[in-house]
Amino acid sequence: SVSGGTWAAGIYMFAEAPLDDLLGPPTVPGQLTLERLRQRPSRLGATAVVPHGAIMQRLRNDGVPDDVLYQTMIGEAFLKPFGLQEKKYMAGSRKQIDQILARNPGLSALDFHTPVPGRPPVFVMGSTLISPVGHTINAEGDFQQAVAGNYRYSLSLQISPDFTGLPFRPSTAPLEYETTAWLTKGESRFQVGGGLVETFAFGGGPPSSGQDGSCGTKCEVTLPQRPMSLADA
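Values in this document were obtained by computation on a predicted structure and should not be read as measured data. (Residues numbered from 1 in each chain as written. Predicted model: local features only at pLDDT ≥ 70, side-chain atom pairs only at ≥ 80, totals over all residues. Heavy atoms only, no water.)

Peer 1: Quick one: what's the story with the sheet that holds strand S6 (residues 163–166), residue by residue and with numbers?
Peer 2: In spatial order, the strands read S3-S5-S6-S9; together these 4 strands make up an open sheet with antiparallel pairing. Two strands lie at the open edges of the sheet, namely strand S3 (125–129) and strand S9 (195–198), each paired on one side alone. Recorded for the sheet is a direction-independent mean angle of 25 degrees between the axes of neighbouring strands. Sheet topology note: the strand S5 (residues 155–159)/S6 ladder contains 2 bridges and is antiparallel. Across the sheet, the residue bridging to Gln158 is Gly165, located in S6. (Pairing = 2+ DSSP bridges. Helix = DSSP H or I, 4+ residues; strand = E, 2+ residues; numbered from the N terminus. Axes fitted to C-alpha atoms, helices over the stretch in contact; angles between N-to-C directions.)

Peer 1: Hey, could you go over helix H6 (residues 66–79) for me, with residue numbers and the actual values?
Peer 2: The terminal C-alpha atoms of H6, which comprises 14 residues, lie 19 Å apart, in line with the 20 Å expected from a rise of 1.5 Å per residue. Buried positions along H6 lie against helix H1 (5–14) and helix H5 (52–61). (Expected span 1.5 Å × (residues − 1). Contact = heavy atoms within 4.5 Å.)

Peer 1: Explain the nonpolar core to me, and be specific about the residues and the numbers.
Peer 2: Among the nonpolar cores identified, the biggest contains 33 residues, and Ile11, Phe14, Leu79, Leu84, Met90 and Leu230 are the most heavily contacted of them. Of all the secondary-structure elements, those providing two or more residues to this core are H1, H5, H6, S5 and strand S7 (175–179). Ranked by residue count, the leading element in this core is H6, at 7 residues. In this view, Phe14 contacts Leu84, Met90, His113, Thr114, Pro115, Val116, Phe123, Pro161 and Leu230; residues no more than four positions away in its chain are not counted. (Core = buried A, V, L, I, M, F, W, Y, C linked by side-chain atoms within 4.5 Å. Buried < 20%, exposed > 50% of the residue type's maximum accessible area, 1.4 Å probe, protein only.)

Peer 1: I'd like a rundown of the pattern of salt bridges, residues and numbers included.
Peer 2: This structure, assessed with the given rule, holds 10 salt bridges. Salt-bridge contacts for Glu76 lead to Arg58; the nearest nitrogen and oxygen are separated by 3.1 Å. Here Glu76 is found in helix H6, whereas its partner Arg58 is found in helix H5, with 18 residues between them in sequence. Arg58 gets classed as partly exposed once you look at its relative accessible area, which sits at 36%. Between Lys88 and Glu86 there is a salt bridge, with the nearest N and O atoms lying 4.0 Å from each other. Among the ionic contacts, a cluster of salt bridges with common partners joins Arg58, Asp62, Glu76 and Lys80. (Salt bridge = Lys/Arg side-chain N within 4 Å of Asp/Glu carboxyl O.)

Peer 1: Run through a nonpolar patch on the surface, naming residues and quoting values.
Peer 2: A cluster of nonpolar side chains, namely Leu32, Leu34 and Leu37, defines an oily patch on the protein surface of about 310 Å² accessible area. Along the chain, Leu32 turns up in the loop between helix H2 (19–23) and helix H3 (34–37). On the basis of relative accessible area, Leu32 is assigned to the partly exposed category, the value being 37%. (Patch = residues over 30% accessible without salt bridge, like charges linked within 9 Å, V, L, I, M, F, W, Y side chains within 5 Å. Areas by Shrake-Rupley, 256 points an atom, 1.4 Å probe, with all protein chains shown as cover.)

Peer 1: Would you mind going over the side chain of Ser160 in detail, with residue names and values included?
Peer 2: By the secondary structure assignment, Ser160 is in the loop between S5 and S6. With a relative accessible area of 10%, Ser160 lands in the buried category. Among the polar contacts made by the side chain of Ser160, one reaches the main-chain carbonyl oxygen of Phe123 at a distance of 2.8 Å. For Ser160, the residues in contact, after removing those within four places along its chain, are Phe123, Val124, Met125 and Thr199. (Polar contact = N/O pair within 3.5 Å; in protein donor to acceptor, adjacent residues only side chain to side chain.)

Peer 1: Just give me the short version of unusual backbone geometry, but keep the residues and values in it.
Peer 2: At Ser3, a residue that is not glycine, the phi angle is positive and equals roughly 55 degrees. For Ser3, the position within the fold is in the segment before H1.

Peer 1: Any chance you could break down the packing of aromatic side chains for me, citing the residues and the numbers?
Peer 2: Evaluation of the coordinates by the stated rule reveals 4 aromatic pairs. Measuring from ring centre to ring centre gives 5.5 Å for Tyr89 and Phe112, while their planes differ by 35 degrees; the resulting arrangement is tilted. One end of the pair, Tyr89, is in strand S1 (residues 89–90); the other, Phe112, is in strand S2 (residues 112–113), with 23 residues separating them in the sequence. Here Tyr89 falls in the buried class, since its relative accessible area comes to 10%. Note on Phe112: relative accessible area 7%, which makes it buried. (Phe/Tyr/Trp six-rings, centres within 6.5 Å; stacked < 30°, edge-to-face > 60°.)

Peer 1: Give me the environment of Ala201: which residues, what numbers.
Peer 2: Structurally, Ala201 can be placed in the segment after S9. Considering only alpha carbons, one finds Ala201 and Gln225, 24 residues apart in sequence, at a separation of 9.9 Å. Not counting residues within four places of it along the chain, the set of residues in contact with Ala201 comprises Val221 and Pro224.

Put into structure tokens, the structure is as follows:
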């Protein structure tokens, strides 16, 4: 799924409800009537007519920080009717949760959301990785660079319940960004992409050792301050 399509696809993958309840009964387009279209939409379809702007304004008035305002609105408007708005980690299956808990005894199975068994086995949520916080590509900004064809900076972040990241590096050299704070103008270089991590660990600290890849397939990192939840994805 990509962009707003993930609002619907995420509910379809994670909501524990019969498909007829989520999607409504099958219809034949040629047999649709205005009377039929006036009927109450399915549970998933009903999220499309929720007053998103009003929810956003209420959350802002309640003091929700700007850096999490949008994803909090997504959780409230789209995911809350299905009990999926909580800031929980994601995992691909109960089996993966058991493996994670064996390595992280401080966590609990209650800390995770997993896709509903029987739904498609692979789910990739496509998003765009932009400049790090406090940085930009240059004075023109990220969007203008993409329009100009500088696709080294148009990076597709792939988020799945089990693994998240950029599988490949867009460049052999680190990408250069400019700081946006006028008191600390300067350039920073970041090595971007080149692998995946388990989604529950995405956003955590760098590996305690083996940052060059020498730790193999198992590297120890600190947990992120905020989980990569379904609302964040």
